[in-house]
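Below are the chains, spelled out letter by letter.
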Amino acid sequence: MIEQSSDRQVFRLQYPEGQAARFQTPLGEFDVLDCSEGGLCCRVTGDWRPEVSRTLQGQIAFNCGDTVDVAGFVRWVRGDRVALRFSRSISARPIMNEQRWLRDQAKQTQQDAD
């Protein structure tokens, strides 16, 4: 999916259920629901919810094996979902690698079903 940002278009990868990347922080490890070069949305567990504008940092562990260190601020919190805007954009390469990994997994699942 291409999403319009304030100054350019970015690719946003939305994860199928059960195949989320992990956002690893000192506060815990959370499922990534979607990710782009400019931010991510994750599902937090338990009672903890970050405050809007709070700075968070951690590492995204992609299923394809890539990892990326990120830092940013909380844009919004809705129930168990938290959106983080990165302080600096990340490379599109790990996101595209992850998309290929997800596509390969879907193909393998389809072949196994046939």
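Residues numbered from 1 in each chain as written. Predicted model: local features only at pLDDT ≥ 70, side-chain atom pairs only at ≥ 80, totals over all residues. Heavy atoms only, no water.

## Topic: a positive patch on the surface
Using the following cut-off: The patches reported here contain residues having more than 30% relative accessible area and no salt bridge. Joining distances are 9 Å for like charges and 5 Å for nonpolar side chains (Val, Leu, Ile, Met, Phe, Trp, Tyr). All accessible areas in this document rest on Shrake-Rupley with a 1.4 Å probe, and a residue is counted as covered only by the protein chains that are shown. Salt bridges are identified by distance alone: a Lys or Arg side-chain nitrogen within 4 Å of an Asp or Glu carboxyl oxygen. We score Asp and Glu as negative and Lys and Arg as positive, and we do not count His or the chain ends. Note on charges: their place is set at NZ of Lys, CZ of Arg, CG of Asp or CD of Glu. Relative accessibility under 20% of the residue-type maximum defines a buried residue, over 50% an exposed one, and the middle range a partly exposed one, all with a 1.4 Å probe and only protein chains included.
A contiguous patch of positive charge on the surface is contributed by Arg93, Arg100, Arg103 and Lys107. Using a relative accessible area of 42% as the deciding quantity, one classes Arg100 as partly exposed.

## Notes on unusual backbone geometry
Spelled out, the test is: Elements are defined by DSSP. Helices are runs of H or I of four residues or more, strands are runs of E of two residues or more, and each kind is numbered from the N terminus.
For Ser53, which is not a glycine, the phi torsion comes out positive at approximately 80°. Within the secondary structure, Ser53 is located in the loop between strand S6 (39-43) and strand S7 (55-61).

## Quick look at the pairing of strand S4 (residues 22-25)
Where we set the bar: Here, strands pair whenever DSSP counts at least two bridges between them.
Only one face of S4 is buried, namely the one carrying Phe23 and Thr25, since none of Arg22 and Gln24 on the opposite face is buried. Pairing of S4 with strand S5 (residues 28-35), which is carried by four bridges, proceeds in the antiparallel orientation. Note that in S5 the partner of Arg22 across the bridge is Asp31. The hairpin formed by S4 and S5 contains two residues between the paired strands. As paired strands, S4 and S7 are joined by three bridges and run antiparallel to one another. Paired with Arg22 across the strands is Ala61, a residue of S7.

## Overview of the side chain of Thr25
Selection rule: Pairs of N or O atoms are called polar contacts if they sit within 3.5 Å, as long as, within protein, a hydrogen donor faces a hydrogen acceptor (for residues adjacent in sequence, only side-chain-to-side-chain pairs). Residue contacts are defined here by distance: any two heavy atoms, one from each residue, within 4.5 Å place the two residues in contact.
Locating Thr25 in the fold gives a position in strand S4. Residue classification places Thr25 among the buried residues on the basis of a relative accessible area of 15%. Engagement of the side chain of Thr25 in a polar contact is seen with the backbone nitrogen of Leu27, the distance being 3.0 Å. Not counting residues up to four positions away in its chain, the partners in contact with Thr25 are Phe30, Gln57 and Gly58.

## A short note on the environment of Phe73
Here Phe73 shows up in strand S8 (residues 67-78). Residues Phe73 and Phe86 lie 13 residues apart in sequence; the distance between their C-alpha atoms is 6.6 Å. Excluding residues that lie within four positions of it along the chain, Phe73 makes contacts with Ser53, Arg54, Thr55, Ala83, Leu84 and Arg85.

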